[in-house]
Amino acid sequence: AVANMSIGGYVFSRNPRSPTHRAFFLYAALIAVWALALALFEGARPPNAWHTRLGFAAGSLVPIVMLRFAECFPSSTHSTSSINRWLFTPLGLGFSFLSWSVWMVASVGIQGGEIRAVYGPLHGPFAVYVLGCFAFGFYVLHSTYRQTTGLLKLQSKYLLIAMAVPTVLAVVTNVVIPFTLGTSRYSKYGPLSSLIMLGLIGHA
């Protein structure tokens, strides 16, 4: 969490007036909160549902901020797409608000020697929202990569790789596996991929 915030803060300090830099900082800050929530979830005894709900609340906002960052790059004059404004942003804000209810996380306990969260009925729609929003963000970045040349094309390539590979790993460990197998055993590995992602994006 500290490393992610440091990367986000450094990039922001390079150009605080840039919408792209501000979007990246917010992206890094939300991922840092998500990573901290997972650390609290893994370390607290007895387990506390509040930590899991904090992770979902922050995690619900990460995809829409990632999408906004993708839309800002490389030109800060790019406007927010109607799909983001009228579909993904309301969904992300709604899921973040409802993360504090039993609709997302019903309870948390220890079963078979491991911490296990019992998810609510919104967990399935949440997984669909995350996958859809990230997929659209990758589409935006890929479109930018195809349309740019020179240094911007190289930066776009870095961003696309930095976003795609670690994000897919984090989504598998923190969204797909919990949704399909009902276990959060591998969620603690998600923040490791986020650190790689933010480092590569910061470099780009």
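Quick look at the structure, then. Because the structure is a prediction, the values reported are computed rather than measured.

## Quick notes on the overall build of the protein chain
Point 1. Each helix and strand counted, the protein chain has seven helices and two strands in total.
Point 2. Relative to its length of 204 residues, the protein chain is compact, with a C-alpha radius of gyration of 17 Å against a globular reference of 17 Å.
Point 3. Expressed along its principal axes, the backbone C-alpha trace of the protein chain runs to roughly 55 × 30 × 25 Å.
Point 4. Restricting to contacts in the protein chain with at least 6 residues of sequence separation, those with at least 24 account for 69%.
Point 5. Put simply, the protein chain shows about 10000 Å² of open surface, and 68% of that area lies on carbon and sulfur atoms.

## Points about the nonpolar core
Point 1. One finds Tyr27, Tyr129, Phe134, Met163 and Ile201 to be the most contacted residues of the largest nonpolar core, which totals 51 residues.
Point 2. When contributions to this core are tallied by element, the ones reaching two or more residues are helix H2 (19-43), helix H3 (49-72), helix H4 (82-98), strand E1 (105-111), strand E2 (114-119), helix H5 (123-147), helix H6 (150-181) and helix H7 (190-203).
Point 3. It is H3 that contributes the most residues to this core, eleven residues altogether.
Point 4. Contact partners of phenylalanine 134, with chain neighbours within four places excluded, come to Tyr27, Val62, Pro63, Met66, Thr167 and Val171.

## Section: empty space enclosed by the protein
Point 1. Overall, the coordinates contain one cavity of 30 Å³ or more when judged by the stated rule.
Point 2. Taken as a whole, the largest cavity spans an internal volume of roughly 420 Å³.
Point 3. Taken together, 29 residues form the lining of the largest cavity, with Trp34, Gly55, Gly59, Asn174 and Val175 sitting closest to its centre.
Point 4. Only H2, H3, H5, H6 and H7 provide two or more residues apiece to the lining of the largest cavity.
Point 5. In the lining of the largest cavity, the residues fall into 19 nonpolar, ten polar and no charged.

## Notes on the packing of aromatic side chains
Point 1. The tally for this structure, following the rule as stated, stands at eleven aromatic pairs.
Point 2. Aromatic pair tryptophan 50 and tryptophan 100: ring centres 5.9 Å apart, planes at 45°, arrangement tilted. Of this pair, tryptophan 50 sits in helix H3 while tryptophan 100 sits in the loop between H4 and E1, and the two are 50 residues apart along the sequence.
Point 3. Residue class for tryptophan 50 comes out partly exposed when judged on its relative accessible area of 43%.
Point 4. Residue classification places tryptophan 100 among the partly exposed residues on the basis of a relative accessible area of 40%.

## Points about H4
Structurally, the α-helix is built with 3.6 residues per turn, so residues lying three or four positions apart point the same way.
Point 1. End to end, H4 covers 23 Å across 17 residues, agreeing with the expected 24 Å (1.5 Å per residue, within 8%).
Point 2. Taken residue by residue, H4 has Asn84, Phe88, Gly92, Phe95 and Ser96 as its buried positions.

## Considering the layout of surface pockets
Point 1. Its boundaries defined by the atoms lining it, the largest pocket holds a volume of some 290 Å³.
Point 2. The wall of the largest pocket is formed by 15 residues, among which Val11, His21, Ile201, Gly202 and Ala204 lie closest to the centre.
Point 3. Listed by contribution, the elements that provide at least two residues to the lining of the largest pocket are helix H1 (2-14), H2, H6 and H7.
Point 4. Partitioned by chemical class, the residues of the lining of the largest pocket number nine nonpolar, five polar and one charged.

Reading the values: rules and limits
- Residues numbered from 1 in each chain as written.
- Predicted model: local features only at pLDDT ≥ 70, side-chain atom pairs only at ≥ 80, totals over all residues.
- Heavy atoms only, no water.
- Helix = DSSP H or I, 4+ residues; strand = E, 2+ residues; numbered from the N terminus.
- Rg over C-alpha atoms; globule rule 2.2 N^0.38 Å.
- Contact = heavy atoms within 4.5 Å.
- Areas by Shrake-Rupley, 256 points an atom, 1.4 Å probe, with all protein chains shown as cover.
- Core = buried A, V, L, I, M, F, W, Y, C linked by side-chain atoms within 4.5 Å.
- Buried < 20%, exposed > 50% of the residue type's maximum accessible area, 1.4 Å probe, protein only.
- 1 Å grid on protein atoms, 1.4 Å probe; cavity = no way out; pocket = protein on both sides within 12 Å on 5 of 7 lines; lining within 4 Å.
- Points joined across faces, edges and corners; volume = space filled by probe spheres on them.
- Nonpolar A, V, L, I, M, F, W, Y, C, P; charged D, E, K, R; others polar.
- Phe/Tyr/Trp six-rings, centres within 6.5 Å; stacked < 30°, edge-to-face > 60°.
- Expected span 1.5 Å × (residues − 1).

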